[in-house]
Amino acid sequence: MIAVQAGLAAALSWVIGHDVLGNPAPVFAPSAAVGTIVATIGQRVRRTAQSLIGVGIGILIGNALLYTLGPAPVQIGLAVAVAIASALTTGQW
């Protein structure tokens, strides 16, 4: 069941990132979706929703940083760090 959920989450997040938000290569979206599903196995719905919101906020901030600063190793590392920090912070609600 978890494998099906992770597969659906990855596919749906890619479609949203590509078709709805217009990102030509939404690589962070499927990874974040699968990571969130796996990280919240056995947890309550509220905790899962908080994690999803945090990951979403982190991805938005990370993409904004990459758009503003350009794609280079330091900027990508900063974007990932901000995304993870956002997800962890949001999970503390």
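Cut-offs applied
- Residues numbered from 1 in each chain as written.
- Predicted model: local features only at pLDDT ≥ 70, side-chain atom pairs only at ≥ 80, totals over all residues.
- Heavy atoms only, no water.
- Helix = DSSP H or I, 4+ residues; strand = E, 2+ residues; numbered from the N terminus.
- Buried < 20%, exposed > 50% of the residue type's maximum accessible area, 1.4 Å probe, protein only.
- Contact = heavy atoms within 4.5 Å.
- Patch = residues over 30% accessible without salt bridge, like charges linked within 9 Å, V, L, I, M, F, W, Y side chains within 5 Å.
- Areas by Shrake-Rupley, 256 points an atom, 1.4 Å probe, with all protein chains shown as cover.
- Salt bridge = Lys/Arg side-chain N within 4 Å of Asp/Glu carboxyl O.
- pLDDT = per-residue confidence, 0-100.

Draft legend 1. Here's a closer look at the overall build of the chain. Broken down by element type, the chain carries four helices and zero strands. What you see in the chain, going N to C, is helices and strands ordered as α-α-α-α. Every one of the 93 residues in the chain was classed for burial, and the buried ones make up 31%. When contacts within the chain are restricted to residue pairs at least 6 apart in sequence, those whose partners lie at least 24 apart make up 54%.

Draft legend 2. Just the side chain of Ser13, in detail. Examined against the element boundaries, Ser13 turns out to sit in helix H1 (residues 2-20). Classification of Ser13 as buried rests on a relative accessible area of 14%.

Draft legend 3. Inspection of a nonpolar patch on the surface at higher detail. Taken together, the side chains of Leu12, Ile16, Val20 and Leu21 present a nonpolar region at the surface, about 410 Å² in accessible area. Relative to the helices and strands, Leu12 resides in helix H1. According to the relative accessible area criterion, Leu12 is exposed, its value standing at 52%.

Draft legend 4. Molecular detail of the environment of Ala32. Looking at where Ala32 falls in the secondary structure, it is placed in helix H2 (residues 28-39). By relative accessible area, which is 17% here, Ala32 ends up buried. Taking C-alpha positions, Ala32 is 8.3 Å from Ile59, a pair spaced 27 residues apart along the chain. Ignoring any residue separated from it by four or fewer positions in sequence, one finds Ala32 in contact with Val55 and Ile59.

Draft legend 5. Representation of the confidence of the model for the chain within the structure. Here the chain averages 74 in pLDDT, and 80% of its residues register 70 or above. Looking across the chain, the model is least confident in helix H4 (residues 73-90), with a mean pLDDT of 70, and most confident in H1, with 81.

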